[in-house]
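As a plain string of letters, each chain reads:
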Amino acid sequence: MTRVLFIAGLFLSAVVMAGCSDDPPAGPEQPIAFFHSVHAGDNQIPCMYCHTTADRSQTASIPSVQLCVGCHVPGSAIIPPGQAQLAFPGPERDSLWNAEAEKLVGFWQRQEAIPWVKVHDLPEHVQFPHFMHVEAGLECSTCHGPVEEMDVMYQFASLQMGWCVDCHRGTLPLSEEEEARVQSRSSYVREIAALAAAGSDTRDLQDRFPNQRAATDCTVCHY
């Protein structure tokens, strides 16, 4: 009995220690070590430079190998892929990043797509149109967290239904500037305002969730 209690105590201690850790969640291992902290952070590359369709498509898109070598292999637009040579980072600057970047060049030379491992993976019955959220004025970091500080990309938000509903109802905190932008652009907010202006009684909706940003009907996300 003493042995069982001791083992149980060790297990509970491990759980508590894990819950108190300040370390970020571990993201999946990728075929190439790509640090967002270097690209989005140090080099301040805008999100939509790489994720080009986030403001006009259902998905944000994954950057193509061609886009990546456009920076790392100058002249890649006219040089045959088989002759591509990595320009930077060189081995004298950083042997680790040179080795990882050489993997990128290898994919380009072979004309193969990089098999990135998906980090934010919603169930098939859930629809998340990126363009609608970008157009509404939400920041990428609201869902994806401080990407510019991340070495290995990990899932920042739960992305569970309750988390999304909280955001739609206006109970998920946003910055003052972001909140003002969303409230001014939201089609839901405009629709409620139009109904009120036409004489409809919208007090029930506004009393329950006065800062609601978007509809919470099932068909909004499940269609």
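Summary of the structure given here. (Residues numbered from 1 in each chain as written. Predicted model: local features only at pLDDT ≥ 70, side-chain atom pairs only at ≥ 80, totals over all residues. Heavy atoms only, no water.)

A short note on the packing of aromatic side chains
The final tally for this structure, using the stated rule, is 2 aromatic pairs. Ring plane angle 80° and centroid distance 6.2 Å describe the contact between Phe-34 and Trp-116, whose orientation is recorded as edge-to-face. Here Phe-34, found in the loop between helix H1 (2-20) and helix H2 (36-42), pairs with Trp-116, found in the loop between helix H5 (95-110) and helix H6 (130-135); they are 82 residues apart in sequence, far enough to count as distant. When its relative accessible area of 27% is taken as the criterion, Phe-34 is described as partly exposed. Sitting over the ring of Phe-107, Arg-110 keeps its end group 5.1 Å from the ring centre. (Phe/Tyr/Trp six-rings, centres within 6.5 Å; stacked < 30°, edge-to-face > 60°. Helix = DSSP H or I, 4+ residues; strand = E, 2+ residues; numbered from the N terminus. Buried < 20%, exposed > 50% of the residue type's maximum accessible area, 1.4 Å probe, protein only. Lys NZ or Arg CZ within 6 Å of the ring centre and 35° of its normal.)

Remarks on the pattern of salt bridges
Under the definition given, this model contains 8 salt bridges. Across the salt bridge formed by Lys-103 and Glu-100, the nearest N and O atoms sit 3.1 Å from each other. With Lys-103 and Glu-100 both in helix H5 and 3 residues apart, the pair spans about one turn of that helix. For Glu-100, a relative accessible area of 11% gives the class buried. Because the salt bridges share partners, they merge into one network encompassing Glu-139, Glu-177 and Arg-181. (Salt bridge = Lys/Arg side-chain N within 4 Å of Asp/Glu carboxyl O.)

Observations concerning the nonpolar core
Among the nonpolar cores identified, the biggest contains 13 residues, and Val-65, Val-69, Leu-104 and Ile-114 are the most heavily contacted of them. Among the secondary structure elements, those contributing two or more residues to this core are helix H4 (65-72) and H5. For this core, the element with the highest residue contribution is H5, accounting for 5 residues. If near-sequence neighbours (up to four positions away) are discounted, Val-65 is found in contact with Leu-104, Phe-107, Trp-108, Glu-112, Ala-113 and Ile-114. Within the second largest apolar cluster, 6 residues are counted, among which are Cys-143, Ala-157, Leu-159 and Cys-167. (Core = buried A, V, L, I, M, F, W, Y, C linked by side-chain atoms within 4.5 Å. Contact = heavy atoms within 4.5 Å.)

Observations concerning H5
With 16 residues, H5 ought to run about 22 Å at 1.5 Å a step, and its terminal C-alpha atoms sit 23 Å apart, in line with that. Burial in H5 covers these residues: Asn-98, Glu-100, Ala-101, Leu-104, Val-105, Gly-106, Phe-107 and Trp-108. On the buried face of H5, the contacting elements are H4. Gln-111 sits one or two positions beyond H5 and adopts a positive phi of about 55°. (Expected span 1.5 Å × (residues − 1).)

Honestly, it's all geometry; don't read function into it.
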